[in-house]
Amino acid sequence: MPARDLALLTEAAREAGRIALRYWRKDPKVWDKGGEHGPVSEADLAVNEMLKAKLLGARPGYGWLSEETPDNPDRLAVDTVFIVDPIDGTRAFVAGEETWAHSLAVARGGKVTAAVVYLPAIDRIYTASETAAPMKDGEVIRCSGRDRLEGANILTTKANMAPEKWPGGVPEIVRSFRASLAYRMCLAAEGRFDGMLTLRDAWEWDIAAGALIAERAGAVVTDQTGAALRFNTPGAQAKGVLALPPGPHAEALARLRG
């Protein structure tokens, strides 16, 4: 089933890309969702509508969790769910930048079993399943072999490196950034960067697909306490995310714990 689900997610992601590109750099309508939820564009909603119809049409017994669909607790009674972010990095999308992504995953029993992250503007696709190797554009990928956190090139925000967040001392790293959280996890998976971390609560739709891809590529992927990530939870959030090679991951946890 993971192979069939992965094929379905891949087809759906590419269709999502065709829809989103019709709006990209075309001054789409944008609304602010309020609070810290950020903007949503008419492209997000069009992609979400297609994905929900296509994916649930193919798998009517699966549950549904998406950033752009009001949450329904019925999903908690279902063993297998789609976890979708129609456009991860909406701000970048609206600004006409290239590094926004479609993040699509299937989770079964709280664990992701198939995952796709697709960046239509650069036609780059990352895939993995519990039975298939992690790939970028059809080529197998592997995370960085770095064994120390100091000096590592990590994808994270400046706020995540505030001293109060690191009781054991802020590590000296090279900090980089990309708008899409899903893309950050994939860049860690392919070893272009030595890892990624976020210490803010992370929505499941932002991290589900990237978590499996990074994990299958050899990264250790946990929340900021070191606990394994679980999906289709009532709050649909994780306590931050670390996706790092084993050595740097252990060092990061030690410094976070003080």
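Further up the page is the structure itself.
All figures in this text were calculated on a predicted structure; none of them were measured in a lab.

Participant: So what about the pattern of salt bridges? Which residues, and what values?
Facilitator: Applying the stated criterion across every chain, the model contains nine salt bridges. Lys-54 is the partner of Glu-15 in a salt bridge, and the nearest nitrogen-oxygen pair spans 3.4 Å. Here Lys-54 lies in helix 2 (residues 42–58) and Glu-15 lies in helix 1 (residues 2–23), a separation of 39 residues in the sequence. Judged by its relative accessible area of 27%, Glu-15 falls in the partly exposed class. A salt bridge links Arg-255 to Glu-150; the nearest nitrogen and oxygen atoms lie 2.8 Å apart. Of this pair, Arg-255 sits in helix 6 (residues 246–257) while Glu-150 sits in the loop between strand 9 (139–140) and strand 10 (153–155); the two residues are 105 residues apart in sequence, bridging distant segments of the chain. Glu-150 gets classed as buried once you look at its relative accessible area, which sits at 17%. One salt-bridge network, in which partners are shared between bridges, spans Asp-5, Arg-59 and Arg-108.

Participant: Run through the packing of aromatic side chains, naming residues and quoting values.
Facilitator: In total, this model carries six aromatic pairs according to the counting rule given. When the centroid spacing of 5.0 Å and the interplanar angle of 45° are considered together, the rings of Tyr-62 and Phe-82 count as tilted. Here Phe-82 lies in strand 4 (residues 80–88) and Tyr-62 lies in the loop between helix 2 and strand 3 (63–66), a separation of 20 residues in the sequence. Exposure remark for Tyr-62: the relative accessible area of 13% places this residue in the buried category. With a centroid separation of 4.8 Å and 90° between ring planes, the pair formed by Phe-93 and Trp-100 is classed as edge-to-face. Phe-93 gets classed as buried once you look at its relative accessible area, which sits at 1%. Given the relative accessible area of 0%, Trp-100 is considered buried. The rings of Trp-24, Phe-93 and Trp-100 are connected pair by pair, giving a single aromatic cluster. Its guanidinium or amino end placed over the ring of Tyr-118, Arg-14 lies 5.1 Å from that ring's centre, counting from NZ or CZ.

Parameters at a glance
Residues numbered from 1 in each chain as written. Predicted model: local features only at pLDDT ≥ 70, side-chain atom pairs only at ≥ 80, totals over all residues. Heavy atoms only, no water. Salt bridge = Lys/Arg side-chain N within 4 Å of Asp/Glu carboxyl O. Helix = DSSP H or I, 4+ residues; strand = E, 2+ residues; numbered from the N terminus. Buried < 20%, exposed > 50% of the residue type's maximum accessible area, 1.4 Å probe, protein only. Phe/Tyr/Trp six-rings, centres within 6.5 Å; stacked < 30°, edge-to-face > 60°. Lys NZ or Arg CZ within 6 Å of the ring centre and 35° of its normal.

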